[in-house]
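Per-entry structural report
Residue strings, one per chain:
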Amino acid sequence: MTIVKSEWGLQGIEALRPEVSVLVIVDVLSFSTAVDIATGRGASVLPFPTGDRKAAQVAAQSADAVLAAPRRAGGGQVSLSPRTLSNLTAGTRIVLPSPNGSRLSLHGGSIPIIAGCLRNAQAVALLALELADGGSIGVIPAGERWPDGSLRPAIEDLLGAGAIIHALDGIASAEALVARDSFRSAANELDTIVRASVSGQELITGGFAEDVELALEVGVSTNAPLLINGAYVCFPKQTVSAPARR
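Residues numbered from 1 in each chain as written. Predicted model: local features only at pLDDT ≥ 70, side-chain atom pairs only at ≥ 80, totals over all residues. Heavy atoms only, no water.

Some details on the overall build of the protein
Helices and strands together make up the secondary structure of the protein, namely ten helices and twelve strands. Expected size for 246 residues packed as a compact globule is a radius of gyration near 18 Å; at 16 Å, the protein falls within 12% of this value. By principal-axis analysis of the C-alpha atoms, the protein measures approximately 50 × 40 × 35 Å. Within the protein, the fraction of its 246 residues that count as buried is 54%. As displayed, the protein has an accessible area near 10600 Å², and 52% of this comes from carbon and sulfur atoms. Separation between the mean location of the 19 positive side-chain charges and that of the 23 negative ones in the protein comes to 5 Å. (Helix = DSSP H or I, 4+ residues; strand = E, 2+ residues; numbered from the N terminus. Rg over C-alpha atoms; globule rule 2.2 N^0.38 Å. Buried < 20%, exposed > 50% of the residue type's maximum accessible area, 1.4 Å probe, protein only. Areas by Shrake-Rupley, 256 points an atom, 1.4 Å probe, with all protein chains shown as cover. Lys, Arg positive; Asp, Glu negative; His and termini not counted. Charge placed at Lys NZ, Arg CZ, Asp CG, Glu CD.)

Comments concerning the nonpolar core
Val24, Ile114, Val139, Ile164 and Leu168 are the most contacted members of the largest nonpolar core, which has 40 residues in total. The set of elements that each furnish at least two residues to this core consists of strand S2 (22-26), helix H5 (121-132), strand S7 (137-141), helix H6 (155-168), helix H7 (174-186), helix H8 (190-196) and helix H10 (209-215). Counting residues per element, this core draws most heavily on H5, which supplies eight residues. With residues near it in sequence (within four places) discarded, Ile114 still touches Val22, Leu23, Val24, Ile25, Val124, Leu127, Ala128, Leu131, Ala224, Pro225, Leu226 and Tyr232. Ile13, Leu23, Val35 and Ile140 belong to the second-largest nonpolar core, a separate cluster that totals 29 residues. (Core = buried A, V, L, I, M, F, W, Y, C linked by side-chain atoms within 4.5 Å. Contact = heavy atoms within 4.5 Å.)

Points about the packing of aromatic side chains
Tallying each qualifying case throughout the model produces one aromatic pair. Note on Phe31 and Tyr232: the rings are 6.0 Å apart at their centroids and 65 degrees apart in plane angle, and the pair reads as edge-to-face. Of this pair, Phe31 sits in helix H2 (residues 31-40) while Tyr232 sits in strand S12 (residues 231-234), placing them 201 residues apart in sequence. Here the two residues Phe31 and Tyr232 agree in accessibility, since each one is buried. We note Arg71 situated over the ring of Phe208; from NZ or CZ to the ring centre the distance is 5.6 Å. In this arrangement the basic side chain of Arg152 is found over the ring face of Trp146, its NZ or CZ atom lying 5.8 Å from the centre. (Phe/Tyr/Trp six-rings, centres within 6.5 Å; stacked < 30°, edge-to-face > 60°. Lys NZ or Arg CZ within 6 Å of the ring centre and 35° of its normal.)

Things to note about the packing of H6 against H7
Each pair of packed helices can be summarised by the angle the axes make with each other and by the distance between the axes. Here H6 crosses H7 at 100 degrees, and the two axes come no closer than 7 Å. Classified by the angle between their axes, H6 and H7 sit roughly perpendicular to one another. Residues Leu158, Leu159, Gly162, Ala163, Ile165 and His166 of H6 form the contact with H7, whose participating residues are Ala176, Ala179, Arg180, Ser182, Phe183, Arg184 and Ala186. (Axes fitted to C-alpha atoms, helices over the stretch in contact; angles between N-to-C directions. Parallel < 35°, antiparallel > 145°, perpendicular 65-115°, else oblique.)

Here we look at the pattern of salt bridges
Per the counting criterion, the structure on display carries seven salt bridges. Residue Arg71 is joined to Asp211 by a salt bridge in which the shortest nitrogen-to-oxygen separation is 3.1 Å. Note that Arg71 is positioned in the loop between strand S4 (66-67) and strand S5 (93-98) and Asp211 in helix H10, a separation of 140 residues in sequence. Where Arg195 meets Asp191, a salt bridge forms, and the shortest distance between an N and an O atom there is 3.6 Å. With Arg195 and Asp191 both in helix H8, this residue pair falls four residues apart, about one helical turn. Owing to a relative accessible area of 29%, Arg195 belongs among the partly exposed residues under this scheme. Among the charged side chains, a network of salt bridges with common partners joins Asp36, Arg119 and Glu217. (Salt bridge = Lys/Arg side-chain N within 4 Å of Asp/Glu carboxyl O.)

A short note on the pairing of strand S6 (residues 113-116)
Judged by which residues are buried, S6 turns out to be covered on both faces: Ile113 and Ala115 on one side and Ile114 and Gly116 on the other are all buried. Across four bridges, the pairing between S2 and S6 is parallel. Within S6, the position partnered with Ile25 by the bridge is Ala115. (Pairing = 2+ DSSP bridges.)

Some points on unusual backbone geometry
Geometrically, the link from Leu29 to Ser30 is a cis peptide bond, its omega value of 15 degrees lying close to zero. Of note in this structure, Asp133 is not a glycine but carries a positive phi near 50 degrees. Checked against the element boundaries, Asp133 lands in the loop between H5 and S7. Assessed through its relative accessible area of 53%, Asp133 is described here as exposed.

Digging into H5
For H5, with twelve residues, the first-to-last C-alpha span of 16 Å sits near the 16 Å given by 1.5 Å per residue. Every buried residue of H5 is listed here: Ala121, Ala123, Val124, Ala125, Leu127, Ala128, Leu131 and Ala132. On its buried face, H5 sits against S2, S6, S7, H6 and strand S11 (225-228). Phi turns positive, to about 50 degrees, at Asp133, one or two residues after H5. (Expected span 1.5 Å × (residues − 1).)

Following this line, the structure appears as structure tokens:
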């Protein structure tokens, strides 16, 4: 039976990368949710670590892609706000800067990377199992960052990771068990807990309540975004062909 492991953030990826066959990045508010919605519309998403806006623009131009605006840009521009991605047309390519989910997506090395959230936990679990082909799976709650740059564990990511680990139904490490059982115990109050979380309140009070509601649509997506050649693309379970294991 598949072994499932879980650790937080960038250090978690570095710790698990030598031990697992697949990594799942979980950034519920809002990178993974945005990627799920965008790729579900047939778009592809190129992660880019937040930082130099000019460098991001150069990357977008070289990739023949649209650079997503900052979340608060408004004006109908696509951004990290999932609600701005709901009307994308198939074939659109987006460079999506993000300080957490994007940054982590770029540190998986040669290991397959999937973007997971509450919306697509079952689909992500199915794809991860197929790609792992009996190997171990690492589930990485991204977390947020404190002003000094250190990791702030975020409960919405713990719960999102737990939903995926619950769906994987494998032999779980102690850390993965805690995430899974947190999701199970919170199931009846999941909406309330995520809305009341620090991240949830930041978005709600900032005028992005709809983004929180989109993230809380548990199990509505059959999309499992897989990172291929630097871009997340839609990979429904029935179309997957596992790459050669390394």
